[in-house]
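Chain by chain, the residues run as shown.
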Amino acid sequence: MSEFLAMGGYAFYVWGAYGVTALVIVIEVFAVRARARAALEEARLAGPEEPVPTITPGGA
Amino acid sequence: MAINWYKYSSPATFYPLAGKLIPWFGWAAAILTVVGLVIGLGIAPTDFQQGEAYRIIFIHVPSAWMSMFIYLVMAFWGAMALGFNTRLSAMMAQSLAPTGALMTFIALWTGSLWGRPTWGTYWAWDARMTSELILLFLYLGVIALRNAIDDPRRADRACAVLSLVGAINIPIIYYSVKWWNTLHQGSSINIGAAPKMATIMLTGMLVMSFAAWFYAIAVSLHRVRAIIVERERGSAWVNALREVRAA
């Protein structure tokens, strides 16, 4: 296990690459989820007071 | 079975479709990442020249490919938005820019950490690295341009034009290692020629590439759903959404 983590002396480079990649991907996923939630919250506040009847997509 | 594609070109019908697609692409990305990591960090043997440092390839090459590919897709949706004045195309282009910037950052970061042990430097101003850095600035420029323009439809057009002009950078990145004498090596995989690498390494790289691809699809579909709600806020169909009505 420690041999695996040592990466033949290249631990800093290999784990630096994999670690930062994992970090920025986790940040992006959380940021996108937060953005989607915030957008729905804004829409809720901007929406009508009374619940509107459901509109069937495509139907009119 | 005929699918009416035009039906899905409207934000109101695309929104639920994207919601259904996200888990499929997300799980495919997660499973492929695990498989790719097992191959890349576990099964693939040590490189006889670079030792373990070469294992950075399994994220460097997929992210570099995606950084260029996402740009082309973004420019394509920009062109569609300009040509047909379709809202959803512009929203797709808007959604792709941050993920493209992220892939470009990963490619630059991992390349830098790979360059130090193999070339002795984190950075060189060679054609490949400089043009990839310009790609990052193009993505950031598109994002900044959108933020600077209040009217979303005007921002759509401005970003589309910038994306299309910047697309000239993609062939420059791709062919830079052929056109100029770069510190960066030539490509190991070329169309119409046998790959210059071991099969197991190639397999790991391809699996990670598909993982990156599916990840990019999942996350940009999720972001475009947020963008759709942001931009269509107040419309009857958004107000009628279950997740908007359930306060």
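On to the overall build of chain B, then. From N to C terminus, chain B includes nine helices and zero strands. If you list the helices and strands of chain B from N to C, you get α-α-α-α-α-α-α-α-α. With respect to the principal axes defined by its C-alpha atoms, chain B has extents near 65 × 35 × 35 Å. Residues counted as buried form 42% of the 247 residues belonging to chain B.

In this section: the interface of chain A and chain B. With 29 residues of chain A at the interface, the matching set in chain B holds 36 residues. Of the residues in the side of chain A that touches chain B, the class split is 20 nonpolar, five polar and four charged.

Attention now moves to helix α2 (residues 11-46) of chain A. Relative to the 52 Å expected for 36 residues at 1.5 Å per residue, α2 of chain A spans 51 Å between its end C-alpha atoms, a close match to the ideal helical length. Those residues of α2 of chain A that fall on the buried side of the exposure criterion are Tyr-13, Val-14, Ala-17, Tyr-18, Thr-21, Val-32, Ala-36, Ala-39, Leu-40 and Ala-43 of chain A. Those residues of α2 of chain A that are buried lie in contact with α2 (57-84), α3 (87-119), α7 (199-232), α8 (236-239) and α9 (242-245) of chain B.

Residue position: Trp-213 of chain B is located in helix α7. Distance in space between the C-alpha atoms of Trp-213 of chain B and Ala-29 of chain B is 7.7 Å, their sequence separation being 184 residues.

Leave glycine aside and you will find that most residues have negative phi; peptide bonds, for their part, are mostly trans. A positive phi is found at Met-7 of chain A, a non-glycine position, where the angle reads about 50°. When you line up the elements, Met-7 of chain A lands in the loop between α1 (2-6) and α2.

One finds Ala-17 of chain A together with Ile-56 and Ala-93 of chain B to be the most contacted residues of the largest nonpolar core, which totals 78 residues. Once residues lying within four places of it in the same chain are set aside, the contact partners of Ile-56 of chain B are Tyr-13, Val-14 and Ala-17 of chain A together with Thr-110, Leu-113 and Trp-114 of chain B.

Residues and elements named next belong to chain B. Across the interface, α2 lies against helix α5 (residues 152-166) with an axial gap of 8 Å and an inter-helix angle of 130°. Put simply, α2 runs oblique to α5. For the crossing formed where α2 meets α5, the hand is left-handed. On α5, the residues touching Met-74, Ala-75, Gly-78, Ala-79, Ala-81 and Leu-82 of α2 are Asp-156, Arg-157, Cys-159, Ala-160, Ser-163 and Leu-164. When grouped by side-chain class, the residues that make up the contact of α2 with α5 number eight nonpolar, two polar and two charged.

So, on to the environment of Phe-210 of chain B. Position of Phe-210 of chain B relative to the elements: it lies in helix α7. For Phe-210 of chain B, a count of 16 C-beta atoms within 10 Å gives the class partly exposed.

Bringing the packing of α2 of chain B against α3 of chain B into the picture now. Residue and element names in this part refer to chain B. In contact at an axis separation of 7 Å, α2 and α3 are set at 160° when each is read in the N-to-C sense. Between α2 and α3, the crossing angle belongs to the class labelled roughly antiparallel. Between α2 and α3 lies a crossing whose hand is left-handed. When its residues are assigned to classes, the contact of α2 with α3 shows 19 nonpolar, ten polar and no charged.

Let us look at the confidence of the model for chain B. Of all residues in chain B, 96% have pLDDT values of 70 or greater, and the mean over the chain is 92. Prediction confidence for the complex, expressed as pTM and ipTM, is 0.90 and 0.89 respectively.

What follows concerns α2 of chain B. Compared with the 40 Å implied by 1.5 Å per residue over 28 residues, the 40 Å span of α2 of chain B between its first and last C-alpha is a close match. In the segment just after α2 of chain B, Asn-85 of chain B is the residue with positive phi, at about 55°.

Calculation criteria
- Residues numbered from 1 in each chain as written.
- Chains lettered and ligands numbered in written order.
- Predicted model: local features only at pLDDT ≥ 70, side-chain atom pairs only at ≥ 80, totals over all residues.
- Helix = DSSP H or I, 4+ residues; strand = E, 2+ residues; numbered from the N terminus.
- Buried ≥ 20, exposed ≤ 12 C-beta atoms within 10 Å, placed from the backbone.
- Contact = placed C-beta atoms within 7 Å.
- Nonpolar A, V, L, I, M, F, W, Y, C, P; charged D, E, K, R; others polar.
- Expected span 1.5 Å × (residues − 1).
- Core = buried A, V, L, I, M, F, W, Y, C linked by C-beta atoms within 7 Å.
- Axes fitted to C-alpha atoms, helices over the stretch in contact; angles between N-to-C directions.
- Parallel < 35°, antiparallel > 145°, perpendicular 65-115°, else oblique.
- Left-handed = near helix turned anticlockwise from the far one by under 90°.
- pLDDT = per-residue confidence, 0-100.

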